[in-house]
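Commentary on secondary and tertiary structure
One-letter residues, chain by chain:
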Amino acid sequence: MDNKGRVSIPVRYRDLLQERQDRQLILTNWDGYIMAFPQSEWVKVEAKLGELSLFRKDLRAVQRFIISGVEECPLDRQGRILIPQNLRDYARLGKEVAIVGAVRNFEIWDRERYEVHRQALEASLDEAVLHDLLI
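Bear in mind that the values here come from a model prediction, so they are computed numbers and not experimental data.

What about the packing of aromatic side chains?
In this description, an aromatic ring pair is defined by two values, namely the gap between the centres and the angle between the planes. Within this structure, the stated rule accounts for six aromatic pairs. Seen in terms of ring centroids, Y13 and F106 are 4.8 Å apart; in terms of plane orientation they differ by 25°. Their pairing is stacked. Remark: F106 occurs in strand β7 (residues 106-110) and Y13 occurs in helix α1 (residues 11-19); sequence separation between them is 93 residues. Between Y33 and W109, the ring centres sit 4.6 Å apart and the planes meet at 15°, which makes this aromatic pair stacked.

Here we look at the packing of helix α2 (residues 39-51) against helix α3 (residues 57-68)
Contact geometry of α2 with α3 gives a least axis separation of 10 Å together with a crossing angle of 150°. Relative to α3, α2 is oriented roughly antiparallel. Crossing of α2 against α3: the hand is left-handed. Only V62, Q63, I66 and I67 of α3 make contact with α2, whose side of the interface consists of W42, L49 and G50.

Examining the pattern of salt bridges
Here the idea is simple: oppositely charged side chains can pair when their charged atoms come close. The final tally for this structure, using the stated rule, is eight salt bridges. For the salt bridge of D2 with R6, the shortest nitrogen-to-oxygen distance reads 2.6 Å. Between R111 and E96 there is a salt bridge whose closest N-O contact spans 3.6 Å. Of this pair, R111 sits in helix α5 (residues 111-124) while E96 sits in the loop between α4 (85-90) and β6 (97-101), and the two are 15 residues apart along the sequence.

Comments concerning the sheet that holds strand β4 (residues 71-74)
Whether parallel or antiparallel, the strands of a sheet pair through hydrogen bonds between backbone atoms. Taken in spatial order, the five strands make up an open sheet running β4-β2-β3-β7-β6, and their pairing is antiparallel. If you trace the sheet from one side to the other, it starts and ends with β4 and β6, each paired once. For this sheet, the mean angle separating the axes of adjacent strands, direction not counted, is 30°. Pairing between strand β2 (residues 24-30) and strand β3 (residues 33-38): six bridges, direction antiparallel. Within β3, the position partnered with N29 by the bridge is I34.

Focus: the pairing of β7
Summarising burial for β7: five of the five residues are buried, a large majority. Residue alternation in β7 divides its side chains into two sets, F106, I108 and D110 and E107 and W109, and both sets are buried. In the sheet, β3 pairs with β7 via three bridges, with the strands oriented antiparallel. Across the sheet, A36 pairs through a bridge with F106, a residue of β7. Here β6 pairs with β7 via five bridges, running antiparallel. Looking at β7, one finds that I99 is bridged to I108.

Calculation criteria
- Residues numbered from 1 in each chain as written.
- Predicted model: local features only at pLDDT ≥ 70, side-chain atom pairs only at ≥ 80, totals over all residues.
- Heavy atoms only, no water.
- Phe/Tyr/Trp six-rings, centres within 6.5 Å; stacked < 30°, edge-to-face > 60°.
- Helix = DSSP H or I, 4+ residues; strand = E, 2+ residues; numbered from the N terminus.
- Axes fitted to C-alpha atoms, helices over the stretch in contact; angles between N-to-C directions.
- Parallel < 35°, antiparallel > 145°, perpendicular 65-115°, else oblique.
- Left-handed = near helix turned anticlockwise from the far one by under 90°.
- Contact = heavy atoms within 4.5 Å.
- Salt bridge = Lys/Arg side-chain N within 4 Å of Asp/Glu carboxyl O.
- Pairing = 2+ DSSP bridges.
- Buried < 20%, exposed > 50% of the residue type's maximum accessible area, 1.4 Å probe, protein only.

In structure tokens form, the structure reads like this:
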């Protein structure tokens, strides 16, 4: 991440965005990191959030938390996005960030925090479950 808070999106992700004709990412806070969605995927997430019951306090809290962090971040000509200060603070992003792929989105982590998380995750993986999922 540069001094202005800009992060270069990897070419592979930029190519996917271009295929979908998405010129911006939707960022939001989640679990100590930032979730980044192409606009076309965010529409689906927002629709699901809109289906949650307004009468359940826990579901309202989830809606409020996710929606309160939403920022629209257009890609510049160099394929970078400017991560707003509130999200940088939330995810405690330093100079080194990790962009981690997920199925419909990707995550932006502080690199050191992600490495700790990745090691804990790896240690907790059950090989039998992975085998069943992948075979």
